[in-house]
Amino acid sequence: MPGMHGYALFPFTAIVGQDRLRTALLLNAVNPAIGGVLIQGPSGTAKSTAVRGLAQLMPEIAVVSDCPFSCDPAAPGAQCTQCRARAEAGEALPVARRRRRVVNLPLNATEDRVAGTIDIARALREGEKALEPGLLAEANRGILYVDEINLLDDHLTDVLLDAAALGINVVEREGVSIAHPARFLLVGTMNEEEGDLRPQIADRLGLTVTVEPVREPEARAEVMRRREAFTRDAAAFLAAWQGAQDEQTAALERAAALLPDVRVADAHYPAIARLVLRTGVGSHRADITVLECTKALAALAGRTEPTPDDIVQAAALALGHRVPVDPFQPRSDLDARDLKRVLEDLLSSETREKKTPVTPRP
């Protein structure tokens, strides 16, 4: 399974352990509305391997082959102005199929490299054609990977988070403004020992996962065996894991197709809101992220009705980096058992309230 430059990539399904990390990435692949993943932990814990492996699992996409933004030929509403104009003029857009890209955003990138640059003279004559696309254009409909996102310049962080939230990148230079689609799965990694992440930025990332080195000796031995086999004969190793890869890809496709049919019980909406508030989180993004993650969990399990356990798992993934903490205490993942007890109490109290008759006033 070669990557975009022809190199073999370690298969996602062959990663040992790191179940929460893999789940968080798969959920975002099923439901992009979740808003990305923040991965915390030391180097050497399969973070980048998992992200690159996810791109190989996700189904291929159809793109306008000569468009720098990889526009979807079947979605005029998500196309750049050039592709829309060509289609409206009756031109048959050239179509190609390819894997989703994983675009790295380096810490030393300039704003022009990230957002793109404008040739002002050409812009006045040719509009969007005057844009020299940046990394956000390259990442459209793919994955944008930011290693050590907590060390990224604040201004650049704001640029990419605005694009991620809107699905559009706006480039403005000397009174000239050009926009293009920029819909991507944002994955950021950080090591807390190297600096914290601004709360405003953390709130814009959907889920958080803390990864730790595998502690069981036999599991670590299996890591060595698999890496050795991959290094010795990558083609044979990929062939051995192709069946598992195909099964996971098919599961993602089924879940994405099922997602629009997932319906959350009406009682679960206030329960999610109260659960979020009970953890001390005020941002409405947290409620929405828990909701969207809950639906993705149900879809991935092949269900159209989420369960309370889905809500608990979603909350554990979505709230950890949003909960106010003592700056002198290490941040840790929320305890799912505690969340489950709180949710059960909330649901039972709501049921009691509905059953309690209201005595009319005389």
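Scroll up for the structure.
Residue positions are given per chain, counted from 1 along the sequence in the order it is written. Two thresholds apply to this predicted model, a pLDDT of at least 70 for residue-level local features and 80 or more for giving and counting side-chain atom pairs, whereas whole-chain, interface and lining totals are computed over all residues. No hydrogens and no water enter the side-chain calculation; it runs on all heavy atoms of the structure.

**Q** Before we go on, may I ask you to explain the overall build of the protein chain in this structure?
**A** Secondary structure follows DSSP: runs of H or I at least 4 residues long count as helices, runs of E at least 2 residues long count as strands, and numbering of each begins at the N terminus. Helix and strand counts for the protein chain come out as 14 helices and 11 strands. Any residue under 20% of the maximum accessible area for its type is buried, any over 50% is exposed, and the rest in between are partly exposed; the area is computed with a 1.4 Å probe on protein chains only. Residue burial in the protein chain is summarised as follows: out of 362 residues, 46% are buried. The contact rule is simple, with two residues in contact once any of their heavy atoms fall within 4.5 Å. Partitioning the contacts of the protein chain with sequence separation of at least 6, the portion at a separation of at least 24 is 75%.

**Q** Looking at this structure, how should I read the environment of Leu277?
**A** Among the structural elements, Leu277 can be located in helix 11 (residues 268-278). Relative accessible area serves as the criterion here: at 57%, Leu277 is assigned to the exposed category. Along the chain, Leu277 and Val323 lie 46 residues apart, while their C-alpha atoms are 9.8 Å from each other.

**Q** I tried to follow the nonpolar core on my own but got confused; where do I start?
**A** One recurring pattern in soluble globular proteins: nonpolar side chains tend to sit buried together. Among the buried residues, those of types Ala, Val, Leu, Ile, Met, Phe, Trp, Tyr and Cys that are joined through side-chain atoms within 4.5 Å form a nonpolar core. Counting 64 residues, the largest nonpolar core has Leu25, Leu54 and Ile143 as its most contacted members. Excluding its chain neighbours within four sequence positions, the residues that come into contact with Ile143 are Val51, Leu54, Ala55, Met58, Arg101, Val102, Val103, Leu185 and Val187.

**Q** Help me understand the pattern of salt bridges in this model?
**A** Where side chains of opposite charge bring their charged atoms close, a pairing between them can arise. Each reported salt bridge corresponds to a side-chain nitrogen of Lys or Arg within 4 Å of a carboxyl oxygen of Asp or Glu. Tallied over the full model, the rule gives 12 salt bridges. Put simply, Arg204 and Asp162 hold a salt bridge, and the shortest N to O gap is 3.3 Å. Of this pair, Arg204 sits in the loop between helix 8 (199-202) and strand 11 (207-210) while Asp162 is found in helix 7 (residues 154-166), placing the two residues 42 residues apart along the sequence. Three or more residues joined by partner-sharing salt bridges are found here, namely Glu218, Glu222, Arg225 and Arg226.

**Q** How do you make sense of the packing of aromatic side chains when you look at a structure like this?
**A** By convention, a stacked pair of Phe, Tyr or Trp rings (six-membered ring in the case of Trp) has centres within 6.5 Å and planes under 30 degrees apart, an edge-to-face pair has planes over 60 apart, and any other such pair is tilted. Using the criterion set out here, one finds 4 aromatic pairs in the structure. Consider the rings of Phe10 and Phe230, whose centres lie 5.3 Å apart with planes at 75°: the pair is edge-to-face. Note that Phe10 is positioned in the segment before helix 1 (19-30) and Phe230 in helix 9 (residues 217-232), a separation of 220 residues in sequence. Judged by its relative accessible area of 12%, Phe10 is buried. Here the aromatic cluster, defined as three or more aromatic residues joined through ring pairs, consists of Phe10, Phe230, Phe237 and Trp241.

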